[in-house]
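An overview of the molecular structure
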Amino acid sequence: ETDTLTHGNLGLLGSIDNLSYRIIGLGFPLLTVGIIAGAIWADRAWGSYWSWDPKETWALITWLIFAAYLHARLTKSWQGKKPALLASIGFVVVWICYLGVNFLGKGLHSYGWFA
């Protein structure tokens, strides 16, 4: 049964790896545009493009992780476990960025959840 998952034309794991690559390839430019648009908006609202707020910092960390993932896939032709681990770390960091930072209750993006 393991042969069915890993061998064949692409196999199940190969298909998931390919789907992950395509989704991240679509989401990364959107994340980039979102960070740039947020920086432009922040300059207009707060007078500074970047203030190292926890939300901004974690958005940058998210961007760097997925940039590393795409770089490794494109230049080193990584496939399999290594990019899957990097994509999984990126997934966790996205949740930290969007939910976890709000629990800190600090910075310009605290929204008062637990403040």
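Check the entry above for the structure.
Rules of the game
Residues numbered from 1 in each chain as written. Predicted model: local features only at pLDDT ≥ 70, side-chain atom pairs only at ≥ 80, totals over all residues. Heavy atoms only, no water. Helix = DSSP H or I, 4+ residues; strand = E, 2+ residues; numbered from the N terminus. Buried < 20%, exposed > 50% of the residue type's maximum accessible area, 1.4 Å probe, protein only. Polar contact = N/O pair within 3.5 Å; in protein donor to acceptor, adjacent residues only side chain to side chain. Contact = heavy atoms within 4.5 Å. Axes fitted to C-alpha atoms, helices over the stretch in contact; angles between N-to-C directions. Parallel < 35°, antiparallel > 145°, perpendicular 65-115°, else oblique. Left-handed = near helix turned anticlockwise from the far one by under 90°. Nonpolar A, V, L, I, M, F, W, Y, C, P; charged D, E, K, R; others polar. Patch = residues over 30% accessible without salt bridge, like charges linked within 9 Å, V, L, I, M, F, W, Y side chains within 5 Å. Areas by Shrake-Rupley, 256 points an atom, 1.4 Å probe, with all protein chains shown as cover. Salt bridge = Lys/Arg side-chain N within 4 Å of Asp/Glu carboxyl O. Phe/Tyr/Trp six-rings, centres within 6.5 Å; stacked < 30°, edge-to-face > 60°. Lys NZ or Arg CZ within 6 Å of the ring centre and 35° of its normal. Expected span 1.5 Å × (residues − 1).

It is worth spelling out the side chain of Asp 17 at this point. Checked against the element boundaries, Asp 17 lands in helix 2 (residues 11–46). Note on Asp 17: relative accessible area 13%, which makes it buried. Looking at Asp 17, its side chain comes within polar contact range of the side chain of Arg 73, at 3.0 Å. The contact partners of Asp 17, leaving out residues within four places of it in the chain, are Tyr 69, Arg 73, Gln 79, Gly 80 and Pro 83.

So, on to the packing of helix 2 against helix 3 (residues 54–75). At their nearest, the axes of helix 2 and helix 3 sit 10 Å apart, and the two run at 135° to each other. Here helix 3 runs oblique to helix 2, going by the angle between their axes. Both helix 2 and helix 3 take part in a crossing whose hand is left-handed. Side by side, helix 2 and helix 3 meet where Asp 17, Ser 20, Tyr 21, Ile 24, Gly 25, Phe 28, Leu 31, Thr 32 and Ile 35 of the first sit next to Ala 59, Thr 62, Trp 63, Phe 66, Ala 67, Tyr 69, Leu 70, Arg 73 and Leu 74 of the second. When its residues are assigned to classes, the contact of helix 2 with helix 3 shows 12 nonpolar, four polar and two charged.

Attention shifts here to a nonpolar patch on the surface. Where nonpolar side chains cluster on the molecular surface, the patch consists of Phe 91, Val 92, Trp 95, Tyr 98, Leu 99 and Phe 103 and spans about 650 Å² of accessible area. Position of Tyr 98 among the secondary structure elements: in helix 4 (residues 81–104).

Attention now moves to the packing of aromatic side chains. This structure, assessed with the given rule, holds four aromatic pairs. Measuring from centroid to centroid gives 5.6 Å for Trp 50 and Trp 52, while their planes differ by 80°, and the two rings are edge-to-face. For Trp 50, a relative accessible area of 28% corresponds to the partly exposed category. Here Phe 91 and Trp 95 contribute two aromatic rings whose centre-to-centre distance is 6.3 Å and whose plane-to-plane angle is 75°, an arrangement assigned as edge-to-face. A residue pair is termed a helical-turn pair when its members lie 3 or 4 positions apart in one helix, as Phe 91 and Trp 95 do in helix 4 at four residues. A relative accessible area of 46% places Trp 95 in the partly exposed class. The positively charged end of Arg 73 is found above the aromatic ring belonging to Tyr 21, 4.3 Å away from the centroid.

In this section: helix 3. A rise of 1.5 Å per residue sets the reference length of helix 3, with its 22 residues, at 32 Å; its end C-alpha atoms lie 31 Å apart and thus fit the reference within 8%. Lys 55, Glu 56, Ala 59, Thr 62, Ile 65, Phe 66, Tyr 69, Leu 70, Ala 72 and Arg 73 are the residues of helix 3 that are buried. One or two positions beyond helix 3, positive phi appears at Ser 77, with a value near 55°.

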